[in-house]
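Coordinates in review
Spelled out, the chains give:
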Amino acid sequence: MSNEIQQTGGRGTFGSRLGILLATVGSAVGLGNIWRFPYMLGANGGAAFLLIYIGCILLLGLPVMITEFFIGRHTQKNAAGAFKKLAPGTGWSVIGYNGVLAAFLILGFYYVISGWTLDYAFNSVTTSYAGKTAAEFTAEFKEFSSGIFRPLIWTLLFIAITHLVVVSGVKNGIERASKILMPMLFCILIALCIRSLTLGGAMGGIEFLFRPDFSKISPKVILDAMGQAFFSLSVGMGCLITYSSYFKKDTKLQRTALEVTVFDTFVALLGAVMIFPAFFHFHPELIGQSLGPELVGPELVFVTLPNVFTQLPLSNVWAFVFYVLLAVAALTSTISLHEVATAYIHEEHKVSRKRATLYVSIGAAVLCVFSSLSFGIMRDATVFGLTFFNLLDFVTAKLMLPFGGMLICIFVGNRVNKKILKAELTNEGTAAFYFFNAYYYFIKYLAPVAIGLIFLNELGLMKWLFSLG
């Protein structure tokens, strides 16, 4: 019997520390690092926001990540099975089911955007960006996203790629893919940053990004930084619990969590360095002004940046490289999300990995059909004023993830024996945890409150409360 199987009772493990790190970083790094964090950094005080964000990462994101690592490795179960093992016969298993369902529902709209990246990468090779105006890019994006067959074809292709990785297993699929995709992502991102910094006036964009402006810091900005720190690390959706269940027993959980947070933040910062110097090189008149919606979300990467590419030499080459970067970032995330649901079906319902992977892929494809069509022929089919795509986004990001993260902290802080928790996090006393008592206090008392505030802020209730004040 192999060492891998011996350590996990028949489950696969990651084969190396590098594999653990790259896979877990890949789970955390996603499209949000490219199209959300740079905007938040630029719009909320630059270095002032960055300092607050790093504080939130260290005080909120890192402890919650360590907690999820404990749950996964200690139980060596999928996200739902972990809570059934820790608290059998109780209602606490709802936390795990929430994570599995959240991951599956996120796939239902995340795959759609991921498919767009493949289409734009393909178009950057087959068509010319030269001479196109911003209005033309806007019109083309609306025409494409509202179409029926073209977006769906690319979405299904992305699902198929993810499926091939996940069905191959933990070591031969997820770990092997991570060892290829993550170095590729870093190399492409650094190359694009270098290109951006070689443009004339690039330092103006850097200064805009990293000059501290504490006048823009408000309670809402602090809550936004907390929310970004929480969501950027993929906590609350079962990914970290599932991946850490494949960790070996000698994996140092604290160091791994710290390394993942550092790399995730580094990617987000590189995303900002890649985008803003290039954008302000061509639009210096916008430096110092309030950033608009064209610099966040799909609008940024499918309309604004293509317009920037047209003004660069070898515009199609840089566009292709950029969209490959986006596709890689998206793929590392869809692999981890898919694995959450696959591991649950495989282990809890006793079906083969091959069949479990197929069930998840087919189910996600069905959701993606409705999500994709909600930009076109189903745009008027709404629930509470939300299209199907936006409904999935709202339910997962605004409700399920903060709900899951808050309950994880409450559960570990109140239901898990403190000695068991410390023994697991210190590898039975062989790895030091100098701030364990502070960590435990934070998880038990402060983290649930902090995540509760994020929950209220994401729902817009904090803005209402601030207005009353």
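Each remark here, short or long, concerns the structure printed above.
Attention in this report is confined to the structure presented alongside it. Please read all numbers here as calculations on a predicted model, not as lab measurements.

The rules behind each value
Residues numbered from 1 in each chain as written. Predicted model: local features only at pLDDT ≥ 70, side-chain atom pairs only at ≥ 80, totals over all residues. Heavy atoms only, no water. Core = buried A, V, L, I, M, F, W, Y, C linked by side-chain atoms within 4.5 Å. Buried < 20%, exposed > 50% of the residue type's maximum accessible area, 1.4 Å probe, protein only. Helix = DSSP H or I, 4+ residues; strand = E, 2+ residues; numbered from the N terminus. Contact = heavy atoms within 4.5 Å. 1 Å grid on protein atoms, 1.4 Å probe; cavity = no way out; pocket = protein on both sides within 12 Å on 5 of 7 lines; lining within 4 Å. Points joined across faces, edges and corners; volume = space filled by probe spheres on them. Phe/Tyr/Trp six-rings, centres within 6.5 Å; stacked < 30°, edge-to-face > 60°. Nonpolar A, V, L, I, M, F, W, Y, C, P; charged D, E, K, R; others polar.

Time to look at the nonpolar core. Membership of the largest hydrophobic core comes to 159 residues, with the highest contact counts inside it found for Leu-60, Phe-322 and Tyr-323. Per-element tally for this core: the top contributor is helix α16 (residues 315-348), with 18 residues. If sequence neighbours within four positions are ignored, Phe-322 has contacts with Ile-34, Leu-192, Met-274, Val-301, Leu-305 and Phe-309.

Glancing now at empty space enclosed by the protein. Summed over the entire model, instances satisfying the criterion amount to three cavities of 30 Å³ or more. Here the largest cavity is characterised by a volume of approximately 120 Å³. Along the wall of the largest cavity there are 13 residues; nearest its centre are Leu-192, Ser-196, Met-274, Ala-278 and Phe-309. For the lining of the largest cavity, the secondary structure elements donating two or more residues are α10 (170-197), α14 (253-282), α15 (298-309) and α16.

Our next topic: the packing of aromatic side chains. Applying the stated rule across the entire model yields 35 aromatic pairs. Measuring from centroid to centroid gives 5.9 Å for Tyr-97 and Tyr-344, while their planes differ by 90 degrees, and the two rings are edge-to-face. Within this pair, whereas Tyr-97 is found in helix α7 (residues 94-126), its partner Tyr-344 is found in helix α16, the two being separated by 247 residues in sequence. Classification of Tyr-344 as buried rests on a relative accessible area of 15%. Each ring, one from Trp-116 and one from Phe-144, has its centre 6.4 Å from the other, and the planes form 70 degrees; the classification is edge-to-face. Placement of Trp-116 in helix α7 and of Phe-144 in helix α8 (residues 134-145) is noted, with a sequence separation of 28 residues between them. Judged by its relative accessible area of 1%, Trp-116 falls in the buried class. In textbook terms, an aromatic cluster arises when at least three aromatic residues are bridged by ring pairs, as seen for Phe-109, Trp-116, Tyr-120, Phe-141, Phe-144, Phe-302, Phe-309, Phe-322, Tyr-323, Phe-375 and Phe-389.

Here we take up the layout of surface pockets. Size it by volume and the largest pocket reaches roughly 1,300 Å³. Lining the largest pocket we find 48 residues, and of these Trp-35, Arg-36, Phe-109, Asp-393 and Ala-397 sit closest to its centre. At eight residues, helix α18 (residues 388-415) tops the list of elements feeding residues into the lining of the largest pocket. When its residues are assigned to classes, the lining of the largest pocket shows 22 nonpolar, 16 polar and ten charged. Size it by volume and the second largest pocket reaches roughly 390 Å³. Only α5 (47-75), α14 and α20 (436-458) provide two or more residues apiece to the lining of the second largest pocket.

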